[in-house]
Amino acid sequence: MAKLLILGGGISGHTAALHARSLLGHQHEVVVVTPNSKWNWIPSNIWVGIGLMNQEQVTFDLGPVYKKKGITYIQAKAVSIHPEGSQDNSSPFVSVSHTSPTKIGENEEINYDYLINATGPKLKFEATKGLGPEHNSLSVCTYGHATETSAHLDEAVARMKKGEKQKILIGTGHGTCTCQGAAFEYLFNTEFELRKRGVRDKAEITWISNEQELGDFGVGGMHIKRGGYITHSRIFTESLFTERGIKWITQAHVSEVEKNQISYEQINGTEGNEAFDFAMLLPPFSGVGMKAFNKTGEDITSILFAANGFMIVDADYTPKNYEDWSAEDWPSTYQNPTYKNIFAVGIAFAPPHPISQPKKSVKGTPIFPTPPRTGMPSGVMARIVAYNIADMIKGKESEPKRKASMAKMGAACIASAGANFFNGTAVSLTMYPIIPDFHRFPETGRDLNYTSGEIGLAGHWIKHLLHHAFIYKAKANPFWKVVPE
Amino acid sequence: MTTLRKAYEQSYYPPIPTKLTKRFRTNLIWQFIRFVVINIKMLRMVRKH
Ligand SMILES: Cc1cc2nc3c(=O)[nH]c(=O)nc-3n(C[C@H](O)[C@H](O)[C@H](O)COP(=O)(O)OP(=O)(O)OC[C@H]3O[C@@H](n4cnc5c(N)ncnc54)[C@H](O)[C@@H]3O)c2cc1C
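Reading the values: rules and limits
Residues numbered from 1 in each chain as written. Chains lettered and ligands numbered in written order. Predicted model: local features only at pLDDT ≥ 70, side-chain atom pairs only at ≥ 80, totals over all residues. Heavy atoms only, no water. Helix = DSSP H or I, 4+ residues; strand = E, 2+ residues; numbered from the N terminus. Rg over C-alpha atoms; globule rule 2.2 N^0.38 Å. Contact = heavy atoms within 4.5 Å. Lys, Arg positive; Asp, Glu negative; His and termini not counted. Charge placed at Lys NZ, Arg CZ, Asp CG, Glu CD. 1 Å grid on protein atoms, 1.4 Å probe; cavity = no way out; pocket = protein on both sides within 12 Å on 5 of 7 lines; lining within 4 Å. Points joined across faces, edges and corners; volume = space filled by probe spheres on them. Nonpolar A, V, L, I, M, F, W, Y, C, P; charged D, E, K, R; others polar. Disulfide = S-S within 2.5 Å. Phe/Tyr/Trp six-rings, centres within 6.5 Å; stacked < 30°, edge-to-face > 60°. Lys NZ or Arg CZ within 6 Å of the ring centre and 35° of its normal. pLDDT = per-residue confidence, 0-100. Buried < 20%, exposed > 50% of the residue type's maximum accessible area, 1.4 Å probe, protein only. Pairing = 2+ DSSP bridges.

Colleague: Help me out: how do you make sense of the overall build of chain A in this one?
Modeller: On a plain count of helices and strands, chain A comes out with ten helices and 24 strands. At 22 Å, chain A has a C-alpha radius of gyration in line with the 23 Å of a compact globule built from 485 residues. Across its three principal axes, chain A shows a C-alpha extent of roughly 65 × 55 × 45 Å. Here the contacts in chain A between residues at least 6 apart in sequence split such that 68% fall between residues at least 24 apart. Averaging the positions of the 48 positive and the 47 negative side-chain charges in chain A gives two centres separated by 5 Å.

As structure tokens, then:
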């Protein structure tokens, strides 16, 4: 009998758990440790943030699903990994701290044979003074944050209905943020919603971002074929902003968020302030801060984790200049090189370097997007890792054979730009590969036959369909495997 | 919303869609076709892995 322990019941951890359970006989145990009792379809938090959906529509209780599937569920937070065991415990184990109301604060050691770290990001609001819902700005990263943001939006709309002008500021709250796509969706949905509520003329909307240019999205942007030209996503994105009357500030690191104003610095050294009445600014991400110890209790956190707290896997972490980056730097099995029974998937693995070119301001402040790991690649890598571990447990393979490098994987991304069945729109993007490979595709780094983008109502229908399809799949309802990651 | 009168400001340069382009974005028949096409594109992407 083998025991697979999965840390994190989010998009990638839950996917890994469902696949592993379906592949492994019941003599083997699949255990999920996750602090929240609910599963959240995070992409739809955008719609919670504008009041179109409520929390219940984007979440469900994990407990009954795990019971139905025969997955052991422990509501707790992983604190430290002990890959060699300890003086008193010869098995590798993870120390967890319980978070359920009945056991809160209790600690436990959970042994494992194989471990998947799928703990996602820590939302590092503290990186910028005054950033975040506990201080002076709002967020849509969790369904709780999104609910609060929606209430603030209602208040801003009420003021606009009384004739007051409102300054709306949306974007990234630090020079090293990722997930620009999510902020972009919130920006466009807010603009659409303000039009719908008849107050658009009272709102001045500004986008602030650490991207070099609009349309970068943390992947260096993308080129697509359109109208006889190969055109960069910057052109299309600037067009979408202009059409909607949205002003933009790029190459910006937000250094402080005060009650109704931010201070920022740009790559060229410009320092500025921007006033706001309503600000939704994403935080930068780091790993969740787990520690690691060897058998003698010595701290080996730096062997398991990179400095940013994400887990070291089979990537090439040698520091290189942008010109020397290669698609081969990116991991393909997500196995830790030191402890071969440990894997990390989704946002939890440490990327070898960014995708967009790193930049520093004249003062030396890093201002560039860190690499996004969106839902589709997170799900695909989780499935591949679950299959590899199942093969090893069953003795079919001695090492992971299936591969899922982001440099060989495509992504489809539907970014909502306004939710309505008849006049809503969304930007539908496909790109292959996610990591530009200038060796295989010397012109643009990507295969132009598989890289595309367009805006329209069809995108909104797909986004809505995906909301229901992914929640259906995550509930492990009949034929859940038919829905691709 | 858009005005091209503000010369040399950031909104002066980007392309903006014509009325026809905008209409096609929400035209039910055209968008149904695009729905099928985008789904095929996404499935090709999924199958490529
Ligand atoms: C607002 C928003 C909108 C987005 N929209 C899209 C979109 O439209 N399309 C798309 O593809 N992607 C989108 N993304 C990105 C997508 O949500 C992520 O790619 C995805 O959630 C990553 O999955 P994950 O499993 O790595 O992390 P998560 O889904 O965040 O899961 C991590 C899990 O680990 C748990 N955890 C945390 N700490 C611990 C611990 N110490 N021990 C155990 N468990 C722990 C967390 O509670 C959580 O359940 C969006 C993201 C945001 C924030």
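Colleague: Where do I start with empty space enclosed by the protein in this structure?
Modeller: Over the atoms, a rolling probe the size of a water molecule traces out where space has been left empty. Residue and element names in this part refer to chain A. Enumeration over the complete set of coordinates arrives at three cavities of 30 Å³ or more. The calculated volume of the largest cavity comes to roughly 40 Å³. Lining the largest cavity, in full, are K167, I168, L169, E204, T206, E274 and A275. Those elements giving two or more residues to the lining of the largest cavity turn out to be β10 (166-172), β11 (203-208) and β17 (271-275). When residues of the lining of the largest cavity are assigned to their parent elements, the largest contribution, three residues, is made by β10. Looking at the lining of the largest cavity residue by residue, the class counts come to three nonpolar, one polar and three charged.

Colleague: Would you mind going over the state of the cysteines with me for this structure?
Modeller: Put plainly, a disulfide is one covalent bond tying together the sulfur atoms of two cysteines. Counted by the stated rule, this structure contains zero disulfides over all chains. Unpaired in terms of disulfides, C177 of chain A finds its nearest cysteine sulfur in C141 of chain A, a separation of 8.8 Å.

Colleague: Would you explain the packing of aromatic side chains in this entry?
Modeller: Aromatic ring pairs are described here by two measures, namely the spacing of the ring centres and the angle between the planes. Residue and element names in this part refer to chain A. What the rule picks out here adds up to 19 aromatic pairs over all chains. Among the aromatic residues, those joined into a ring-pair cluster are F184, F188, W207, F217, F241 and W248. Directly above the aromatic system of F310 lies the positively charged group of R373, at a separation of 5.0 Å from the ring centroid.

Colleague: I tried to follow the confidence of the model for chain B on my own but got confused; where do I start?
Modeller: Segments scoring low in pLDDT should not have their predicted coordinates read at a detailed level. Considering every residue of chain B, the mean pLDDT works out to 87; 84% of them sit at 70 or more. Quick note on the complex model: pTM equals 0.96, ipTM equals 0.92.

Colleague: Just checking my understanding: could you explain the pairing of strand β22 (residues 411-416) of chain A for this structure?
Modeller: Taken residue by residue, a regular strand's side chains alternate between the two faces of the sheet. All names here are of chain A. With five of six residues buried, β22 is to be regarded as a mostly interior element. As judged from the six bridges shared by β22 and strand β23 (residues 426-431), these two strands associate in the antiparallel manner. Within β23, the position partnered with C413 by the bridge is L429.

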